[in-house]
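In case you want the letters, here they are:
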Amino acid sequence: MALLRNLADLIRLNWHFCRFSERQIQRYHQRAVLRLLAMVRRKSPFYRELYAGREVRGLPDYRGLPTISKSLMMAHFDRLNTAGLKLDEVLRFALAKEMAHDYLGYYQNRYVVGLSSGTSGNKGIYVTDRRLTQRLPGVFLARGGIRLRDLPVRILFILRVFSQGFADINAPLIQLRYLPSMTESEKIIAVWNETRSNILMAPPSLLRQLLPYAGQINRPPRRIITYAEVLEPEEKSRISAAFRAPVVEIYQASEGQIASPCRCGSLHINEDLVYVELLAADGRTPVTQPGERVARMLVTNLVNTAQPLLRYEMNDIIELGGPCPCGSHFRVIGRIIGRNDDVLHIRTLAGGLRAVYPDLVSRWIITTDDRIREFSVEQDADDHLAITLDLGSLAEPGDGSAGDSAEDISNRLRRRFEQELAAFGVDCRLDIKLQPIVMPTDNRKMKRFRYQVPGVFPEPSSGQADQPT
Ligand SMILES: [Zn+2]
């Protein structure tokens, strides 16, 4: 039965993706959103009160409803969810799993619980009914970044934490083997070879650490799928060349499966799983033009009814893309630029503040030298950046490798930053440190950009994370 349902889901999702016209997408959104609204008004005291007296007949009315944020969702968790779950108890369950590094099992034998700290330190709890996660194989086949001709797939899946939701992707023809991010690179390669895996799924930062070992794999992956972090175009080509495999990116958040790659490699919004409102800097005007930057992104999860998220404020900055040659009318995300709270705000020569986006800063760093394994950027004053570079074994004294020394790399990076920042007309001092960077082993995200300038930066609310819901 499960297999048939997975197959039916796959066919239906493919149909939506390939055949839906823009009008059909709109009608689908309208129907799904109205159904969801009727449900939350019945079953969620939080939404019933939030929307009291608001009549919603269609999408225009819906777009006028109040938005919610991660902190609001957490503050009202007990009255927001429709399953009668209590935050204290769910959190206790999730933390116990976390401490025991045992990520499998359902809460009350029914719910998959995802725990995410985002990057701002405030915990998020995301609950999904197992009836939904058990349909993940179909969704994964349609939107997970793999192609049907890749079947059967043996996936080596690497992330800091695991969850029952990921385990539920296992199905006939889909095997998923998990390794924690902290696993030594040699061991990852050994497991890859032993298990004869053919799909590698890992965040870009981990793939970067695997690069020096790429030559040791027996068979190149049929596909590499990245998630949980922004994948820079330069990095994508570098990883693809080293592993001799196509690299695609999925855009997955605790709040929903936001976007998936098509056969042309474009990232399409999953219009049938989430309703995404893309708004300009004024917070109201819809962004519709390719190349236009999205300042506010509101997500309504159309499938999760246990913990309904309606008009939920994401913290990611993206750019809308143009029509895709694959022919799908699902909107294309041109670029994921990063998170709102990753934007640097540097003092200009004229005395104001200038926003410098994290995608640019990441690119300056990772294109300076292939041996930069990891980095972090900390802004502790409006005119000061402290950059830490992890050069792997090159940073150790006595390393006899040929080519530039660690100091040469650091000097090149300094020159690059000075040049790039000068073009922005900003005034910024720079410290570059060389030292190993330890990745978090728990559910905290690797935070590459940090701020310690009180009062200058907006309070983060949510964001791209790595729990399946
Ligand atoms: Zn496409």
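About the thresholds
- Residues numbered from 1 in each chain as written.
- Predicted model: local features only at pLDDT ≥ 70, side-chain atom pairs only at ≥ 80, totals over all residues.
- Helix = DSSP H or I, 4+ residues; strand = E, 2+ residues; numbered from the N terminus.
- Rg over C-alpha atoms; globule rule 2.2 N^0.38 Å.
- Buried ≥ 20, exposed ≤ 12 C-beta atoms within 10 Å, placed from the backbone.
- Domains from an automatic or database assignment.
- Pairing = 2+ DSSP bridges.
- Axes fitted to C-alpha atoms, helices over the stretch in contact; angles between N-to-C directions.
- Expected span 1.5 Å × (residues − 1).
- Arc of directions from axis to C-beta.
- Contact = placed C-beta atoms within 7 Å.
- Left-handed = near helix turned anticlockwise from the far one by under 90°.
- Nonpolar A, V, L, I, M, F, W, Y, C, P; charged D, E, K, R; others polar.

Looking at the overall build of the protein
Here's step 1: Broken down by element type, the protein carries 15 helices and 22 strands.
Here's step 2: Relative to the compact-globule value of 23 Å for 469 residues, the protein shows a C-alpha radius of gyration of 22 Å, a close match.
Here's step 3: When its C-alpha atoms are laid out on the principal axes, the protein stretches across 65 × 60 × 45 Å.
Here's step 4: Every one of the 469 residues in the protein was classed for burial, and the buried ones make up 42%.

What about the domain arrangement of the protein?
Here's step 1: Domain parsing of the protein yields domain 1 (1-339 + 459-469) and domain 2 (340-451).
Here's step 2: Here the C-alpha centroids of domain 1 and domain 2 sit 29 Å apart.

Some points on the sheet that holds strand β14 (residues 312-314)
Here's step 1: Read across the sheet, three strands follow the order β11-β13-β14 without closing on themselves; strand pairing throughout is antiparallel. Of all strands in the sheet, those bounded by a partner on one side alone are β11 (274-279) and β14. Going across the sheet, the axis of each strand differs from the next one's by a mean of 30 degrees, ignoring polarity.
Here's step 2: Here β11 pairs with strand β13 (residues 296-301) via six bridges, running antiparallel. The residue bridging Y275 from the neighbouring strand is T300, located in β13.

Focus: helix α1 (residues 2-19)
Note that an α-helix has 3.6 residues per turn; residues three or four places apart therefore point the same way.
Here's step 1: A rise of 1.5 Å per residue sets the reference length of α1, with its 18 residues, at 26 Å; its end C-alpha atoms lie 25 Å apart and thus fit the reference within 8%.
Here's step 2: Listing the buried residues of α1 in full gives N6, H16 and F17. In a view along the axis of α1, the buried residues occupy a sector of 95 degrees, so they form one face of it. Exposed and facing more than 90 degrees away from the buried side of α1 are L4, A8, I11, W15 and R19.
Here's step 3: Buried residues in α1 make contact with α9 (136-143).

Here we look at the pairing of strand β9 (residues 256-261)
Here's step 1: Counted residue by residue, β9 has six buried out of six residues, so it is predominantly covered.
Here's step 2: Here strand β8 (residues 251-253) runs beside β9; their pairing, made up of three bridges, is antiparallel. Paired with A253 across the two strands is G256, which belongs to β9.
Here's step 3: What sits between β8 and β9 in their antiparallel hairpin is a turn of two residues.
Here's step 4: Inspection of the sheet shows β9 paired to strand β10 (residues 267-269) by three bridges, in the antiparallel sense. Among the inter-strand pairings, P261 is bridged to a residue of β10, identified as L267.
Here's step 5: As consecutive antiparallel partners, β9 and β10 are separated by five residues, and within that stretch G265 has a phi angle of approximately 90 degrees, a positive value.

Quick word on the sheet that holds strand β12 (residues 293-294)
Here's step 1: Overall, antiparallel pairing links the six strands, which are arranged β8-β9-β10-β16-β15-β12 in an open sheet. A single partner strand is all that each edge strand has here, and the edge strands are β8 and β12.

Notes on the packing of α1 against α9
Here's step 1: At a minimum axis separation of 7 Å, α1 and α9 run at an interaxial angle of 35 degrees. Where α1 crosses over α9, the two elements pack in a sense that is right-handed. On α9, the residues touching R5, N6, L7, D9, L10, L13 and N14 of α1 are P137, G138, V139, L141, A142 and R143.
Here's step 2: Its residues assigned to classes, the contact of α1 with α9 comprises seven nonpolar, three polar and three charged.

Thoughts on the environment of P286
Here's step 1: As for its placement among the helices and strands, P286 is situated in the loop between β11 and β12.
Here's step 2: Separated by ten residues in the primary sequence, P286 and R296 place their C-alpha atoms 9.4 Å from one another.
Here's step 3: Not counting residues within four places of it along the chain, the set of residues in contact with P286 comprises L278 and L279.

Re the environment of V287
Here's step 1: Note on placement: V287 falls in the loop between β11 and β12.
Here's step 2: The residues touching V287, leaving out its near neighbours within four places in the chain, are L278, L279, A280, E292, V294 and L320.

Some remarks on α9
Here's step 1: Burial analysis of α9 places eight of its eight residues in the buried class, the great majority of the element.
Here's step 2: Listed in full, the buried residues belonging to α9 are L136, P137, G138, V139, F140, L141, A142 and R143.
Here's step 3: Packing partners of the buried residues in α9 comprise α1, α8 (130-133), β4 (174-180) and β9.
Here's step 4: Positive backbone phi, at 95 degrees, marks G145, one or two positions downstream of α9.

Description of the pairing of strand β18 (residues 353-356)
Here's step 1: As defined by bridge partners, strand β17 (residues 344-347) adjoins β18 across four bridges and the pair is classed as antiparallel. Counted as the bridge partner of H345 is A355 from β18.
Here's step 2: The antiparallel hairpin formed by β17 and β18 contains five residues in its connecting segment, where G351 sits at a positive phi of about 100 degrees.

A short note on unusual backbone geometry
Here's step 1: Residue P152 is bonded to the preceding L151 through a cis peptide linkage, with omega at -5 degrees.
Here's step 2: By the secondary structure assignment, P152 is in the loop between α9 and β3 (153-159).
Here's step 3: Of note, R196 is a non-glycine position whose phi angle comes to about 50 degrees, a positive value.
Here's step 4: Tracing the sequence through the fold places R196 in the loop between α11 (185-194) and β5 (199-201).

Side note on the environment of D431
Here's step 1: For D431, the location among the structural elements is in strand β21 (residues 429-434).
Here's step 2: Distance from D431 to L385, taken between C-alpha atoms, is 6.4 Å for residues 46 residues apart in sequence.
Here's step 3: Residues contacting D431, with those up to four places away along its chain left out, are A386 and I387.

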